[in-house]
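Single-letter residue listing:
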Amino acid sequence: MRSALNLAHNDENIGTADDPTLLKQAMVRVAEVQDRESFQFLFSYFAPRVKAVLLKAGSNESQAEDLMQDVMMTVWRKAKLYAPDRGSVNAWVFTVARNARIDLLRRASSRPYDDVYEIEMESDVASGEDEMFATERAERVSEALSELPEEQRQIIELGFIEDMSQSEIAEKLGLPLGTVKSRMRLAYGKMKSKLEAVR
Amino acid sequence: MTTQHHLDDATLLRYASGDLDSAFTMVVAAHLAMCDKCRKAARDAEEIGGHMMDHVAQAPVSDDAFERMMARLDSGADEQIEVDLPKKSAPDSDVPLPLRALIGDHMDDVRWRLVAPGVRKYEIQQGKKGESSLYMLNISPGMAVPEHGHGGAEMTLILSGAYRDKLGVFGPGDVADLDEDIEHQPIVEPGEACICLVATEAPTRFKDLIVRLMQPFVRI
Ligand SMILES: [Zn+2]
């Protein structure tokens, strides 16, 4: 069986996470023993993705490189805050990148996303949900998204990756705002019905 | 206490993708602090972000990117944050955690300003330069919640007390996340004052107003 460490020494590009447990294992080793090889694995996996998202959201090359460094630094520093039973590593790194992007735009005195995460960590809603359960939820989300009609998928992508507001999306696609909203709701609704089966 | 009125799905997606401005983010976060159901839904919406990022066309990073990172770690910036952080605020706080940074730990400490008989207001963030505004209202029993929208979107979270409108009773934790064209006139329930947190979109600019007024005709 290939371990996370073997992969880290592999120079080939790392594809999508066929096996999300590799990412989770690496996170756990970074959190528990500050293992730099595991971090290298996470870095080679996420750095090009985080940078791609930052570029698509409008950063220039050097801003994206610097902000990516900050995001990956936060991944290292906050590794212990990642809770495997609450979601995938992918989703967690996405939120770290999202929060970094928002911090850059706003000089805010409050940190609502961090606070909600802290509440989530402390709540016992997830008791009875084990890691397998969280993994299955993440898989269902992927499944639902890959089955979406293009017109819905595009709107989700513009919102989540290109960092466009609903009104910007409406303008770009020449659609009324209400149509953008209803397509978003449709897309999310499909995901929810898939998730209901897991609940 | 069971929450009856939740966030709209489109709002959850906007929160997860980081599309909401600071005022609306705060109202959503305060509701999430009070509502397990929506918090779970928000986690699912964040999985969408994870999936999208996982499948994005990767951008090459600079050759020395990882070395740079290691140099930062070696310079002592690598101190990890511990999970058991000291609690940010008093355990006896009656204010949702995200809001404490803005108004303090206790609702009693809010310095209300009387704006109309039976209506007190506390301005948290003024909608300057096209930003949304964020404020709290404290309305006496039996009073109508004043019209505060400008035709733009607004979101109201009940922190204590309750009001009633044609959509039903809104109690602590309930959020009115309504489309802007819904007409409603909430009246505070008898008994205790209703305290709520409100975000409203920036006042509509004159030009937008003209466009808005024109729309019914354009559609014909
Ligand atoms: Zn809710």
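The rules we used
Counting of residues starts from 1 at the beginning of each chain's written sequence and follows it residue by residue. All chains are assigned letters beginning at A, and all ligands numbers beginning at 1, according to the order in which they are written. In keeping with the predicted nature of the model, local features appear solely for residues at pLDDT of at least 70, side-chain atom pairs appear and are counted solely at 80 or more, and the whole-chain, interface and lining totals rest on all residues. Values reported for side chains reflect all heavy atoms of the structure, with hydrogen atoms and water molecules removed beforehand. Only N, O and S atoms count as donors, using a 2.8 Å cut-off from the metal and 3.2 Å for Na, K and Ca, and because water is excluded some sites may appear unfinished. Relative accessibility under 20% of the residue-type maximum defines a buried residue, over 50% an exposed one, and the middle range a partly exposed one, all with a 1.4 Å probe and only protein chains included. Strands here mean DSSP runs of E at least two residues long; helices mean DSSP runs of H or I at least four residues long; both are numbered from the N terminus. When checking whether two residues touch, look at their non-hydrogen atoms; a contact exists if any pair is within 4.5 Å. UniProt positions are given in the numbering used here, feature names are shortened, and annotations may be inferred rather than shown by experiment. At least two bridges found by DSSP between two strands is the condition for calling them paired. Axis lines are fitted through C-alpha atoms, for helices just across the contact stretch, and the angle between N-to-C directions can take any value from 0 to 180 degrees.

Caption draft 1: Quick peek at the coordination of the zinc ion. All names here are of chain B. Ligation of the zinc ion by protein atoms is provided by His6 (ND1), His31 (NE2), Cys35 (SG) and Cys38 (SG), these donors lying 2.1 to 2.3 Å from the ion. Sequence positions of the residues that donate to the zinc ion give the spacing H-x24-H-x3-C-x2-C. We classify histidine 31 as buried; its relative accessible area is 0%. Cysteine 38 gets classed as buried once you look at its relative accessible area, which sits at 3%.

Caption draft 2: Looking closely at helix H6 (residues 112-122) of chain A. Of the positions making up H6 of chain A, those classed as buried are Pro112, Tyr113, Asp115, Val116, Glu118, Ile119 and Glu120 of chain A. Considering only its buried residues, H6 of chain A is in contact with helix H5 (89-105) of chain A together with helix H1 (9-17), helix H2 (22-34), helix H3 (36-54) and helix H5 (97-103) of chain B.

Caption draft 3: How the structure looks around the UniProt feature "domain: RNA polymerase sigma-70 region" (unreviewed entry) in chain A. Taken from the UniProt record, the annotation "domain: RNA polymerase sigma-70 region" (unreviewed entry) applies to residues 42-109 of chain A. What you have in residues 42-109 of chain A is 72% helix and 0% strand, and the ends, taken at the C-alpha atoms, are 31 Å apart.

Caption draft 4: Spatial organisation of the pairing of strand E3 (residues 133-139) of chain B. All names here are of chain B. The buried fraction of E3 is high, at seven of seven residues. Burial of the side chains of E3 extends over both faces: Ser133, Tyr135, Leu137 and Ile139 are buried on one face and Leu134, Met136 and Asn138 on the other. Examined bridge by bridge, strand E2 (residues 119-125) and E3 share six bridges and lie antiparallel to one another. The residue bridging glutamate 123 from the neighbouring strand is tyrosine 135, located in E3. Pairing of E3 with strand E9 (residues 194-200) involves seven bridges; the strand directions are antiparallel.

Caption draft 5: Representation of the sheet that holds strand E4 (residues 154-160) of chain B. Residues and elements named next belong to chain B. Strand order in the open sheet made by the six strands is E1-E2-E3-E9-E4-E7, with antiparallel pairing throughout. At either end of the open sheet lies a strand with only one pairing partner, and these are strand E1 (113-116) and strand E7 (175-177). Between one strand axis and the next, the sheet turns by 25 degrees as a mean value, whatever way the strands run. Across three bridges, E4 lies against E7 in antiparallel orientation. The residue of E7 that forms the bridge with leucine 157 is valine 175. The strands that H2 touches are E2, E3, E4, E7 and E9; relative to E4, the one it contacts most, it runs at about 40 degrees.

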